Every structure is written in structure tokens, then in C-alpha cells.
Amino acid sequence: MNSSSSTSTTDTLHSFMEALLIDQYFLGWIFAFLFGFLLLLNFKRKREKNNSTEFGTDHSNGYYIPENIAGSTDVIIVGAGVAGSALAYTLAKDGRRVHVIERDLTEQDRIVGELLQPGGYLKLIELGLEDCVNEIDAQRVFGYALYMDGKNTRLSYPLEKFHSDVAGRSFHNGRFVQRMREKAASLPNVRMEQGTVTSLVEKKGSVKGVQYKTKDGQELSAFAPLTIVCDGCFSNLRRSLCNPKVEVPSCFVGLILENIDLPHINHGHVILADPSPILFYKISSTEIRCLVDLPGQKVPSISNGELANYLKTVVAPQVPKQLYNSFIAAVDKGNIRTMPNRSMPADPHPTPGALLLGDAFNMRHPLTGGGMTVALSDIVLIRDLLRPLCDLHDSSTLCKYLESFYTLRKPVASTINTLAGALYKVFCASPDKARQEMRNACFDYLSLGGICSQGPIALLSGLNPRPISLFLHFFAVAIYGVGRLLIPFPSPKRMWLGARLILGASGIIFPIIKSEGLRQMFFPATVPAYYRAPPIR
């Protein structure tokens, strides 16, 4: 019995030890699992910390940049003027998620940006925005009437090959912009917000988004793989993305003449006055915009009546007699506005993740009304460049495409820019005899009709913005002026004046071409960036 009891005790102890061993193995697996889980969690945290070094807190500027930068936005657009609104609508139609930040979303009252050339209207059609000129009392424009020294000539746009709806349009700028904003905001993937962008958010030389202040003063950040800055001529961001060389050759004084028609219906009127041009064009069925150009940056005081007196005594005698009484009435009414005319050639330094557009990037004298045409042409180009890029996070490819944009835009933009600068200098009065001859030759050349008027007006309208055509017509005017001097008798005095005329013409156009970029303007295919994007179809 003692032997049996000893055996039973041994068996029980053995079973207990086996159970204990199994429990130890089980507990060991549990501890091993927990240990492995803790290691994995620690590794994940370290990895997230490393990612935050790449995409997280940037101690140089203090902004937090989420890892998923474009979680809700593909493109940030700074500014919702003509360029910003049109771009937002265009990119959103292509499926991009767009966040627009605009300083003031109320309707603005401006005295420029009121004339859209036919070339710009064609781009508007191409973008699907042509209905934005409807329901704002916009006026159709078919050309210009040019006045000088009691003579006048009419220059019509060459629209024969286009649909009957194609023409220029003149309107209240604020009404046009509001229509474009409404069109863009109607798309579900456009978020339009009122706020002031204070700075770009950069990391290692690449723009990741913007820092902005909302309408109620809250400071926020927004992030996207692409930020497009088009916040107008007063841009506070352009210095980060280009080398701004802003010139102010003159100022516009704006008036509105009411309840009167222009001598040439549906035509803009340009008076080659002394000291500089005066413009008239309809902006509604009852209103005519008058813009008086004053050279330099100083304008006579409005408050003490000095400007009103100048308009009555110096400007009024030079306007067409049909408009004289209305002009005086507009001055007496006192609603006189002024605005500096800025000129700035495009001189970008390409920055990954960012692009400049519109007046924030490139300005020309508004005499020819080409600003909106350039902006809309640029937007068509950007749309076509970005279409093959499904993922804007591919920063290397995106940067190459954006650099291509600056090269591909040059022929069209530089032609319109150069024409505006050159025409303004030619149309201004001058005490220099050679410059006077150039001005007279330009008026008479345009009055010849045929190719002598159709060629330049096709350039001005944006219907044929080719650099070589501009160059040939400009020097054709100069040669025409020299020919008039040498016929019938080429006296030494006239020959010397002709030589000075050619030198003066060269002194006008070549500096403008140089600032625009001779190679990019006339030979863009020789620039490496020309081949960094697929052909535009």
C-alpha cells in the first residue's frame, strides 16, 4: 500500500510538473507576443518620427506639414481675379481638387481690366467660360478708331474667318470677375475662401502650401503639391518666385461718360494726344470709360482741384468734339479715379511646387488691353501641361513641366507685351523731331489699310500674336517714315532725320525685346525646357 501510494504521489507530481511546463510555454508565448508587439510599435513610432523630419515640423519656419500633403487639395490658388477664377474652374473641370484663397470676394470697382480682346475671348471659349460675358451688359468691340491732329482712321479686327460671336468685349471688370467666381464656385471640387495669404510654406526649397489669415483673423495653413500665385499687380508673394523689376511709366486717370455714344459705334477710341494717349470705350449700354494717360508717377492733386483743372484745360480740347460736353460733365461730377500703370517683364526663378501667373508675374502697359488675353492664354497652356500628370506629388516631373510653362508661353506673351510697350512710346508726344516723325508715320501706316492695318491690329487683338510679325511691322513703319522723308528730295537734313528715326525705333523696341528674352521670344525651341513637357495638342 505504501508502494502504491508513493507511485500515485509521483504520478500526481509528474502531471503537475507537465501542466506547469505547459503553462510556462504558454506564458512564454504570451510574453514573446507582447514583446514583439511592443518592438513593432516602437519601430513604427520611430519611422513616423523620421517621416516628420522629412514632412513634419520644419524648425526653420515652424509650420506643421502633414505627411499626406494633398489629402483634400491638389492645387492651392492664391487670388480669385480673372486669372485665379478662370484657373480654378479649368483645373476643377479636369478633376483637380482646388482651394482658392482670395483677399476680398466682394465685387470690386476697378478702372482697368475692362477690355477683353478677341484673342482673349477665343481663349475664354476654349476654357468653357464664354458665358461669363453674358448678363453683365458687356459691349461687343470690333476694332479701334485712331485720332490725331484732327484726322481719324478706323481699324477693324480681322474677324472674317471666325464665328459671328467672336469679337472683343468691354465691361465692368467687377461684374466679369464675379461671374467667373460664381462659375468656379459652382463646381463641387472647388473651395473658395476669403482670406489673406501672408507667406508661402517652404521646405528644402520646395513650396508645400501657404500660411493665411481668414476673414475673422484666424491664422491657418493650407497644403497642396502645387501652389499657383495669381494675386494681382500688388502681389506680396512674387519676390519669393521671381525677380520683380516693376516700372511705372505712367498713370491712368479714369472717368465715366454717361448716356452718349462714341463716334464709331462698337469701337474703342484712341486719341494720340499731347503728352500721351487718351482712351474711350463703352463698358455698358449707358457708360463710356475714359482713361487719360499721364506720363510719370505723379498725378495732380484731386483734393485741391488741380487734376480737374488739368483735365478741363489740357485734355478736354483734344478729345473728339462729339464727346467734349460729356467729358466736361464727367469732370464736374467729380468721380475721378487714378491708378498707376505698371510694367514688369516675366523673370521667374522656377521653384518646385509653385507657379506665378497673371499680373503677379507679368505686366505690360494697359494701352492695348492685352493683360487678360495673356493670362487666359497662360491658363490654357497650364491646363494642357498638367493634363498628363495624374499625380501632382511627382515633384520632379511637375517641376520640369512648370519650367516648360515659362518657356512655352514666351512667343505669345512677349509679342503682346512688346507691342504694348512699343506702341505706348510711339504714341506719346515728344519734342524730338525723329520721334515726331515716327508717330506720324505710325498713324499714316495704319491708315493705309490692307495688310498695313490688318497685320498690326491682328497682333494687338491677340488673333495673331507672332513675334516675327511684330518685328516686321514695327520696322516697316520706321522704313515707311524714312521713305516719306526722302521723297521727293533726299536732302542731307532729311537723310540725317531718317537715320535718327531708325535709331530711335531701334531704341524703342530692342530694349523691350531684351527684357522679354530674345532667345525665348524668337527661338523657344533652342531652350532646353522647351522639350521637358509633352507636345501640346
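Residues numbered from 1 in each chain as written. Predicted model: local features only at pLDDT ≥ 70, side-chain atom pairs only at ≥ 80, totals over all residues. Heavy atoms only, no water.

## Some thoughts on helix H10 (residues 433–447)
- Across its 15 residues, H10 extends 21 Å between first and last C-alpha, which sits within 8% of the 21 Å expected from 1.5 Å per residue.
- Against strand E5 (143–148), strand E6 (151–156), helix H9 (410–427), helix H11 (451–460), helix H12 (467–486) and helix H13 (492–516) lie the buried residues of H10.
- In the stretch just after H10, glycine 449 is the one whose phi turns positive, near 80°. (Helix = DSSP H or I, 4+ residues; strand = E, 2+ residues; numbered from the N terminus. Expected span 1.5 Å × (residues − 1). Contact = heavy atoms within 4.5 Å.)

## Let's talk about the packing of H9 against H12
- Packing of H9 against H12 brings their axes to within 9 Å, and their N-to-C directions diverge by 20°. Relative to H12, H9 is oriented roughly parallel. Seen along the crossing, H9 lies across H12 with a hand that is left-handed. Together, Pro411, Thr415, Thr418, Leu419, Ala422 and Val426 of H9 and Pro467, Leu470 and Phe474 of H12 make up the contact between the two elements. (Axes fitted to C-alpha atoms, helices over the stretch in contact; angles between N-to-C directions. Parallel < 35°, antiparallel > 145°, perpendicular 65-115°, else oblique. Left-handed = near helix turned anticlockwise from the far one by under 90°.)

## Focus: the nonpolar core
- Among the nonpolar cores identified, the biggest contains 68 residues, and Leu124, Phe176, Val210, Leu357 and Leu386 are the most heavily contacted of them.
- If one sorts the elements of this core by residue count, helix H7 (residues 371–386) sits on top with 9 residues.
- What phenylalanine 176 contacts, discounting residues up to four positions off in sequence, is Val82, Leu124, Cys132, Val133, Ile136, Phe171 and Met372.
- Among the nonpolar cores identified, the runner-up in size contains 58 residues, and Leu146, Met339, Tyr424 and Cys428 belong to it. (Core = buried A, V, L, I, M, F, W, Y, C linked by side-chain atoms within 4.5 Å. Buried < 20%, exposed > 50% of the residue type's maximum accessible area, 1.4 Å probe, protein only.)

## Structural notes on unusual backbone geometry
- Following aspartate 274, the chain continues to proline 275 via a peptide bond in cis, the omega torsion being 20°.
- Cis peptide bonds are those with omega within 30 degrees of zero, and the linkage from isoleucine 487 to proline 488 qualifies with 5°.
- With respect to the helices and strands, the residue proline 488 is situated in the loop between H12 and H13.
- For glutamate 135, which is not glycine, the phi dihedral falls at a positive 65°.
- Structurally, glutamate 135 is set in the loop between helix H3 (118–126) and strand E4 (139–141).
- For glutamate 135, a relative accessible area of 74% puts it in the exposed group.
- Positive phi values are uncommon outside glycine, yet lysine 204 reaches one of about 55°.
- Mapped onto the elements of the fold, lysine 204 is located in the loop between strand E8 (190–203) and strand E9 (206–214).
- For lysine 204, a relative accessible area of 65% translates into the label exposed.

## What about the side chain of arginine 289?
- Within the secondary structure, arginine 289 sits in strand E15 (residues 287–295).
- Classification of arginine 289 as buried rests on a relative accessible area of 2%.
- At 3.0 Å, the side chain of arginine 289 and the side chain of glutamate 114 are in polar contact.
- Here leucine 255 takes part through its backbone oxygen, which lies 3.3 Å from a polar atom of the side chain of arginine 289.
- Each residue touching arginine 289, except ones within four places of it in the same chain, is listed here: Arg110, Ile111, Glu114, Gly254, Leu255, Ile256, Leu279, Phe280, Tyr281 and Ile283. (Polar contact = N/O pair within 3.5 Å; in protein donor to acceptor, adjacent residues only side chain to side chain.)

## Focus: the side chain of serine 404
- Within the fold, serine 404 resides in helix H8 (residues 395–408).
- Take serine 404: its relative accessible area is 0%, and that puts it in the buried class.
- Only 2.7 Å separates the side chain of serine 404 from the backbone oxygen of alanine 529, close enough to count as a polar contact.

## Topic: the sheet that holds strand E13 (residues 268–271)
- Pairing within the open sheet is mixed, and its 7 strands lie in the order E6-E5-E13-E14-E15-E12-E16. Taken across any chain shown, the strands that pair with only one partner, and hence form the sheet edges, are E6 and strand E16 (337–343). Neighbour-to-neighbour, the strand axes of the sheet open up by a mean angle of 20°, direction not taken into account.
- One ladder, built from 6 bridges, connects E5 with E6; its direction is antiparallel. The residue bridging tyrosine 147 from the neighbouring strand is asparagine 152, located in E6.
- Relative to the sheet, helix H6 (residues 321–333) contacts strand E12 (247–258), strand E14 (278–282) and E15, its axis offset from that of E12 by approximately 105°. (Pairing = 2+ DSSP bridges.)

## Thoughts on the UniProt feature "transmembrane region" (unreviewed entry) in the chain
- With numbering aligned to this structure, UniProt lists the feature "transmembrane region" (unreviewed entry) at residues 25–43, 470–489 and 495–513.
- In the segment residues 470–489, helix accounts for 85% and strand for 0%; the C-alpha atoms at its two ends are 30 Å apart.
- Between the C-alpha atoms that bound residues 495–513 the distance is 27 Å, and the span itself is 100% helix and 0% strand. (UniProt positions renumbered as here; feature names shortened; annotations may be inferred.)

## Things to note about the sheet that holds strand E7 (residues 168–170)
- The antiparallel open sheet is built from 3 strands, whose spatial order is E3-E7-E4. A single partner strand is all that each edge strand has here, and the edge strands are strand E3 (115–116) and E4.
- By the bridge criterion, 3 bridges tie E4 to E7 in an arrangement that is antiparallel. Residue pairing for E7: valine 141 is matched across the bridge by glycine 168.

## Examining the UniProt feature "domain: FAD dependent oxidoreductase" (unreviewed entry) in the chain
- Mapped onto the present numbering, the UniProt feature "domain: FAD dependent oxidoreductase" (unreviewed entry) falls at residues 74–104.
- End C-alpha atoms of residues 74–104 are separated by 23 Å, and the span's content is 39% helix alongside 29% strand.

## Let's talk about the packing of aromatic side chains
- One pass over the structure, following the stated rule, counts 11 aromatic pairs.
- Both rings, one in phenylalanine 471 and one in phenylalanine 475, keep their centres 5.0 Å apart while their planes meet at 50°; by these two values the pair is tilted. Residue phenylalanine 471 and its partner phenylalanine 475 are both found in helix H12; the two are separated by 4 residues, about one turn of the helix.
- The class of phenylalanine 471 is partly exposed, set by a relative accessible area of 25%.
- The class for phenylalanine 475 is buried, based on a relative accessible area of 14%.
- With a centroid separation of 6.2 Å and 85° between ring planes, the pair formed by phenylalanine 471 and phenylalanine 522 is classed as edge-to-face. (Phe/Tyr/Trp six-rings, centres within 6.5 Å; stacked < 30°, edge-to-face > 60°.)

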